[in-house]
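Fold and geometry: a report
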Amino acid sequence: MKKILVILLMLTGCSTVVPVKQSFPDAPEELKSACQDLKLIEPTTKLSDVVSVVTYNYSLYKECQLKNQEWIDWYNKQNSIFKSVK
Amino acid sequence: MWILSFVPDAWLHYAVYAVLISGISAYIVSFIPLLPYRNIIRVVGTLLTVAGIYFYGSYSTEMSWRSRTEELQKEIDAAKVKSDDANKQIAGLIAQKTQIIHDKQIVIQKQIVQDAAKIDKQCVVDPEVITILNNAASDK
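Now for a description of the structure that goes with this document.

1. Digging into the interface of chain B and chain A
Each partner contributes to the interface: chain B provides 39 residues, whereas chain A provides 46 residues. In terms of surface lost to chain A, no three residues of chain B exceed Ile90(B), Ile94(B) and Ile101(B), which account for 14% of the buried area on that side. At the boundary of chain B and chain A, one finds 1 salt bridge. Here Lys97(B) ties to Glu70(A) by a salt bridge, and the two come within 3.8 Å at their closest N and O atoms. Here chain B is connected to chain A by 13 residue pairs in polar contact (both at pLDDT 80 or more).

2. Things to note about the environment of Gln65(A)
Residue placement: Gln65(A) occurs in helix H3 (residues 47–84). In the structure, Gln65(A) is positioned 30 residues away from Cys35(A) in sequence and 9.1 Å away in space, judged by C-alpha atoms.

3. Section: the pattern of salt bridges
The tally for this structure, following the rule as stated, stands at 6 salt bridges over all chains. The closest approach of N and O atoms between Lys80(B) and Asp84(B), which form a salt bridge, is 3.3 Å. A residue pair is termed a helical-turn pair when its members lie 3 or 4 positions apart in one helix, as Lys80(B) and Asp84(B) do in helix H2 (residues 38–114) at 4 residues. Here Asp84(B) falls in the partly exposed class, since its relative accessible area comes to 32%. In the salt-bridge network here, residues are joined through shared partners; they are Asp26(A), Glu29(A) and Lys32(A).

Parameters at a glance
Residues numbered from 1 in each chain as written. Chains lettered and ligands numbered in written order. Predicted model: local features only at pLDDT ≥ 70, side-chain atom pairs only at ≥ 80, totals over all residues. Heavy atoms only, no water. Contact = heavy atoms within 4.5 Å. Buried area = accessible area lost by both parts, 1.4 Å probe. Salt bridge = Lys/Arg side-chain N within 4 Å of Asp/Glu carboxyl O. Polar contact = N/O pair within 3.5 Å; in protein donor to acceptor, adjacent residues only side chain to side chain. Helix = DSSP H or I, 4+ residues; strand = E, 2+ residues; numbered from the N terminus. Buried < 20%, exposed > 50% of the residue type's maximum accessible area, 1.4 Å probe, protein only.

Rendered as structure tokens:
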């Protein structure tokens, strides 16, 4: 037991504590929300109603695509900044 | 050794030099003729000098680590500022592009309302089309 304590003390002498911690940044709130579900079409015979919903869904896709692209950009930028600290 | 990280630089500096100087002094003093306990003083002086040199080495290592830590902390702080700027830039870009998408959608919806009569004039949508489109749009 005494030997173990002596070894532990000696090993403690070899350790070096560097009190610096780098954490990966948090993403902006705008990126954290999920993409919306596509809108469904109410029963109708009018083509204009159908087109209206379809084009609205296009805009939802565009928003989702934008968010996805910004996630990629955000990760690449933050990763490069994170790795620049050596 | 980790306890050393809590001790201020100046204290360590003084302690190391105090041990080293007292060791060398004791060693030199031990050569004074007719001094009582000369041998013991010489041994103690030698031991203190060796310990002082050892502490000096440890002190230099400790200081180099502290300097590296300080340097690293500065780099991390600079990276944090860059990262915050990048986040603000991305948030601004998302808001701007989302607004463009919304504005475009408003224009398109107005256009559909405007041309509704023309669009609906020649075509009646079969209910099956609605089912197919809704099936494609939903997760079911």
